[in-house]
Amino acid sequence: MTVKIGLVGTGTVGGGCLEILANHAEDFRVDYGVDIQLAGVCSRKPDKAREYGVEHLFTTDYRDLVNNPDIDVIIELIGGTGIAVDVIKESMAAGKHVVTANKAVMATRGEEMFALCRKHGVQLFFGASVGGGIPIIGPMRHSLIANKVSKIMGIVNGTTNFMLTRMNADGLSYEAALKEAQDLGYAEADPTADVDGFDAAAKIAILASLAFHTEVRMDDVYTEGIRHLAPFDFALAHDMGYAVKLVAHANLVDDGVFVRVHPTMLPLDHQMASVNGVFNAIYVVGDSVGQTMFFGEGAGAGPAASAVMGDVVELARRLGMGIPCIAGSPVKRDLSIVDMDELETKYYIRFQCADVPGSLAACAAEFAKAGVSVKSVSGSTKRGDVDLVFVTHTAKEADIRTAIKGCLALDGMVIGGFPVVIRVEE
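Procedures and definitions
Throughout, residues of each chain are indexed from 1 in the direction in which the sequence is written. Confidence filtering applies because this is a predicted model: local features only for residues at pLDDT of at least 70, side-chain atom pairs given and counted only at 80 or more, and all residues used for totals across whole chains, interfaces and linings. In computing side-chain values, all of the structure's heavy atoms are included and hydrogens and water are not. The pairing criterion is simple: DSSP has to find at least two bridges between the two strands. In this text, helices come from DSSP runs of H or I with a minimum length of four residues, and strands from runs of E with a minimum of two, each type numbered from the N-terminal end. Contacts were defined at the residue level, with two residues in contact if any of their heavy atoms lie within 4.5 Å. Angular values range over 0 to 180 degrees, each being the angle between N-to-C directions of two axes fitted as lines to C-alpha atoms, with helices fitted over their stretch in contact. Think of it in three bands: with a 1.4 Å probe and only protein chains considered, a residue is buried below 20% of the maximum accessible area for its type, exposed above 50%, and partly exposed in between. Geometric relationships in this document are graded by angle, where less than 35 degrees denotes roughly parallel, more than 145 denotes roughly antiparallel, 65 to 115 denotes roughly perpendicular, and other angles denote oblique. Handedness of a crossing is defined here by the sense of rotation of the near helix relative to the far one, left-handed for an anticlockwise turn of less than a right angle and right-handed for a clockwise turn. Here, expected helix span is obtained from the residue count minus one, scaled by 1.5 Å. Whenever a pair of cysteine sulfur atoms sits within 2.5 Å, that pair is classed as a disulfide. Residues belong to a common nonpolar core when they are buried Ala, Val, Leu, Ile, Met, Phe, Trp, Tyr or Cys residues joined through side-chain atoms within 4.5 Å.

Trainee: Is there a simple way to explain the sheet that holds strand β4 (residues 73–76) in this structure?
Mentor: The pairing of strands in a sheet happens through backbone hydrogen bonds and is either parallel or antiparallel. Spatial strand order, β3-β2-β1-β4-β5-β6: six strands in an open sheet with parallel pairing. Every other strand in the sheet has two partners, leaving β3 (58–59) and β6 (124–125) as the edge strands with one partner each. Where strand β1 (residues 2–8) and strand β2 (residues 35–42) come together, seven bridges link them in parallel fashion. The partner of Lys4 across the bridge, within β2, is Gln37. Sheet strands touched by helix α1 (residues 12–32): β1 and β2. Its angle to β2, the strand with the most contacts, is close to 160°.

In structure tokens, the structure reads:
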């Protein structure tokens, strides 16, 4: 089976795809019976065409590929929700299958894309949109469909995991860890998507949609980042028997779906507590399979390109066998998104307070008024201020917010603004 592809975008992942195709095209023919041929490359950077020796296939207009009747599959690697959406939609309208690594599109307009697949009789593969080289999308769509999935937890952003690892292991400040991540190329000059949790939110929206057979959008995900964390929090967490990670959560509950991203304390013996550096891990619980975890490098040219080209080979095999279009989940439910106020868990809360008599008692009284049971409270004095740390028993998010609001209203007590809040996973 010969399948001709058009590649749109020659950045890090696009370059990785070109290298894989150059190195393994013959293996694909021999091992899988598919002859994958590059028929066009679109990029805003002509030098990339020269770098990879594809000048004869190069264009700066993606429509040259969309309108090429010889091309069967378009690989979209531009990213974002701007022109990339046009590339995907126009490719489908032209009867071409699409492979993408675009988490933003899948997390915000996934159902629209699946509807277009059905309308035009084409297929959409997006295995690289979550987890880079970790094979998670495929199992969620195939291997695990015999299960009722109840829970997903993921460390799905390598940049923040690297930063948190350095803050924990070496006591780096947030600012120092970010600079190191940027110097090493793990973090962008504008790190907002990573450090504020938006990248992870897009990924958990995709996974939740697949796992629970319902539409979950990125805007449905409660999202907090890591900017407020300090080495003090990591040291205290370790003393308590926990590691601090930025975790994406998706839970199926009686009332619907909980989807959230925020710093989380994980017990040191939890499988994900030892996932460090730029590595990702995705933990899935199903009723038949039990607990499973997928682990690997979540970013970079090699892992992401591996996932993209894996999709291309699988798509080519399906076309060769005449397997019809599969778009989206086979069963759709209309599950509600549960409000974050309904969450019940344990909490670590750190206030910066003035070192004046009565601070601890006044804040503790606010927790009691809100109906929150406090497990422990501790204080650490520095530079004339006090880090006042409350660890609660299981409490409701809404009650925790009421307690915090009460503490912030205490005259002259809390001076550091909104406290550090880390939810505790048991």
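Trainee: Which parts of the structure should I look at to understand the pairing of strand β17 (residues 420–424)?
Mentor: A regular strand places its side chains on the two faces of the sheet in alternate fashion. Across the five residues of β17, five count as buried, placing the element largely inside the fold. Residues Val420, Ile422 and Val424 line one face of β17 and the alternating positions Val421 and Arg423 line the opposite face, and both faces are buried. Across two bridges, strand β10 (residues 256–267) lies against β17 in parallel orientation. Within the sheet, the bridge partner assigned to Thr264 lies in β17 and is Arg423. Here strand β13 (residues 344–354) pairs with β17 via five bridges, running antiparallel. By the bridge assignment for β17, Lys346 is matched with Val424.

Trainee: Looking at this structure, how should I read the packing of helix α4 (residues 83–93) against helix α5 (residues 103–120)?
Mentor: Two packed helices can be described by the angle between their axes and the distance between those axes. Running from amino to carboxyl end, α4 crosses α5 at an angle of 10°, the nearest separation of the two axes being 10 Å. With respect to α5, the axis of α4 lies roughly parallel. The crossing of α4 and α5 is right-handed. Side by side, α4 and α5 meet where Val85, Ile88, Lys89, Met92 and Ala93 of the first sit next to Val105, Arg109, Glu112, Met113, Leu116, Cys117 and His120 of the second.

Trainee: Before we go on, may I ask you to explain helix α7 (residues 158–170) in this structure?
Mentor: Every α-helix winds through 3.6 residues per turn, so residues three or four apart in the chain are directed the same way. For α7, with 13 residues, the first-to-last C-alpha span of 18 Å sits near the 18 Å given by 1.5 Å per residue. Within α7 the residues assigned to the buried category are Gly158, Thr159, Thr160, Asn161, Phe162, Met163, Leu164, Thr165 and Met167. Positioned one or two residues after α7, Gly171 has a phi angle of 70°, which is positive.

Trainee: I'm lost on the state of the cysteines in this one. Help?
Mentor: By definition, a disulfide links the sulfur atoms of two cysteine residues through a covalent bond. Using the criterion set out here, one finds zero disulfides in the structure. Of all cysteine sulfurs, the one in Cys363 lies closest to Cys353, which takes part in no disulfide; the gap is 4.4 Å. A relative accessible area of 0% means that Cys353 is categorised as buried.

Trainee: Got a minute to help me understand unusual backbone geometry in this structure?
Mentor: What is expected of a backbone is that most residues other than glycine have negative phi and most peptide bonds are trans. For His213, which is not a glycine, the phi torsion comes out positive at approximately 55°. Looking at where His213 falls in the secondary structure, it is placed in the loop between α10 (198–212) and β8 (222–223).

Trainee: Explanation requested: the nonpolar core in the structure shown.
Mentor: Most often, soluble globular proteins have nonpolar side chains that are buried together. Formed by 71 residues in total, the largest nonpolar core has its most connected members in Ile136 and Ile152. Of all the elements, α10 adds the most residues to this core, at eleven residues. Beyond its immediate stretch of four places on either side in the chain, Ile152 contacts Met140, Ile204, Leu207, Ala208, Ala211, Ala248, His249, Ala250, Ile282, Tyr283 and Val284. By size, the runner-up hydrophobic cluster in this structure holds 28 residues, among which are Leu7, Ile20, Val73 and Val308.

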